[in-house]
There are 2 protein chains.
Amino acid sequence: MDPSLELFGLVAGAITSLGFVPQLMKGYRTRKLEDISYYMPTVLSIGMILWFTYGIFINSLAIMIANAFGVFCCIVLILMKKIYV
Amino acid sequence: MDPSLELFGLVAGAITSLGFVPQLMKGYRTRKLEDISYYMPTVLSIGMILWFTYGIFINSLAIMIANAFGVFCCIVLILMKKIYV
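Residues numbered from 1 in each chain as written. Chains lettered and ligands numbered in written order. Predicted model: local features only at pLDDT ≥ 70, side-chain atom pairs only at ≥ 80, totals over all residues. Heavy atoms only, no water.

### So, the relation of the copies chain A and chain B
After a rotation of 180° and a shift along the axis of 0.0 Å, chain A superposes on chain B with an RMSD of 0.0 Å. A rotation of that kind, with that shift, is consistent with a two-fold axis. Scanning chain A for the C-alpha nearest the rotation axis identifies Asp35 of chain A, at a separation of 2.7 Å. An overlap of 100% is found between the interface residues of chain A and their copies at the interface of chain B, pointing to a shared contact surface. (Least-squares fit on C-alpha atoms with pLDDT ≥ 70 in both. Contact = heavy atoms within 4.5 Å.)

### Overview of the interface of chain A and chain B
A common way to report how large an interface is uses the accessible area buried once the components associate. Between chain A and chain B, the residue contacts involve 40 residues of the former and 40 residues of the latter. Taken together, the two surfaces of chain A and chain B that pack against each other cover about 3,300 Å², and 75% of this comes from carbon and sulfur. Of all residues in chain A, Asp35, Trp51 and Tyr54 of chain A give up the largest surface area on contact with chain B, accounting jointly for 21% of the area buried on that side. The interface formed by chain A and chain B includes two salt bridges. Ionic pairing is found between Asp35 of chain A and Lys32 of chain B, a salt bridge with its closest N-O pair at 3.0 Å. The interface formed by chain A and chain B contains 15 residue pairs in polar contact (both at pLDDT 80 or more). With 12 residues, helix 3 (residues 39-57) of chain A is the largest single contributor of residues to the side of chain A that touches chain B. (Buried area = accessible area lost by both parts, 1.4 Å probe. Salt bridge = Lys/Arg side-chain N within 4 Å of Asp/Glu carboxyl O. Polar contact = N/O pair within 3.5 Å; in protein donor to acceptor, adjacent residues only side chain to side chain. Helix = DSSP H or I, 4+ residues; strand = E, 2+ residues; numbered from the N terminus.)

### Let's talk about helix 3 of chain A
Here helix 3 of chain A spans 27 Å end to end across 19 residues, near enough to the 27 Å set by a 1.5 Å rise per residue. Listing the buried residues of helix 3 of chain A in full gives Met40, Pro41, Leu44, Ser45, Gly47, Met48, Trp51, Tyr54 and Gly55 of chain A. For helix 3 of chain A, the secondary structure elements touched by its buried residues are helix 2 (20-30) and helix 4 (61-84) of chain A together with helix 1 (3-18), helix 2 (20-30), helix 3 (39-57) and helix 4 (61-84) of chain B. (Expected span 1.5 Å × (residues − 1). Buried < 20%, exposed > 50% of the residue type's maximum accessible area, 1.4 Å probe, protein only.)

### A short note on the packing of aromatic side chains
A ring pair, where both rings are aromatic, is described by two values, the distance of the centres and the angle of the planes. Residue and element names in this part refer to chain B. Under the counting rule described, the total for this entry stands at six aromatic pairs over all chains. Ring centres of Trp51 and Tyr54 lie 5.0 Å apart, and the angle between their planes is 85°; on these two criteria the pair is classed as edge-to-face. Linking Trp51 with Tyr54, this pair stays in helix 3, spanning three residues, or about one helical turn. Trp51 sits in the buried class, given a relative accessible area of 8%. Tyr54 gets classed as buried once you look at its relative accessible area, which sits at 0%. Look at Phe69 and Phe72: their rings are 6.1 Å apart centre to centre, the planes differ by 35°, and that puts the pair in the tilted class. With a gap of three residues between them, Phe69 and Phe72 both fall in helix 4, about one helical turn apart. Take Phe72: its relative accessible area is 51%, and that puts it in the exposed class. (Phe/Tyr/Trp six-rings, centres within 6.5 Å; stacked < 30°, edge-to-face > 60°.)

Right, dumping it as structure tokens:
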């Protein structure tokens, strides 16, 4: 894959992955994740595992890294909700 | 792109897009989105717009559709939070 395109994908992946960080921080700060649906991080994780696999197929490191980090964040979110509620 | 791979991507995209739907439903039902951070859907939208562009570059309809729907869901989530809080 074109390196500049791969870089673009890496930036896109970094931003989507970072999107979960403020949610984790807010949850950590307020100790409240009641309004978050368990289904959201669960379904997103399943989808992102598939995206990760898609990244392997099309040989895109950007897609693999972004989705691996995304799954990690979703698991943390689920665990935080389990602990706080 | 290989049609079966494109189909795989479409399934992955459909699942990640659908991940936001239970959150929207829960928010609609409870009228509460207080614990949701505004930054999450905002940052995710920016990232997904970049993924959409990436999808155009690599000519992947799966990536384009998944991220367009994802951005739509994030905008709805932001608006719902604005209305309910």
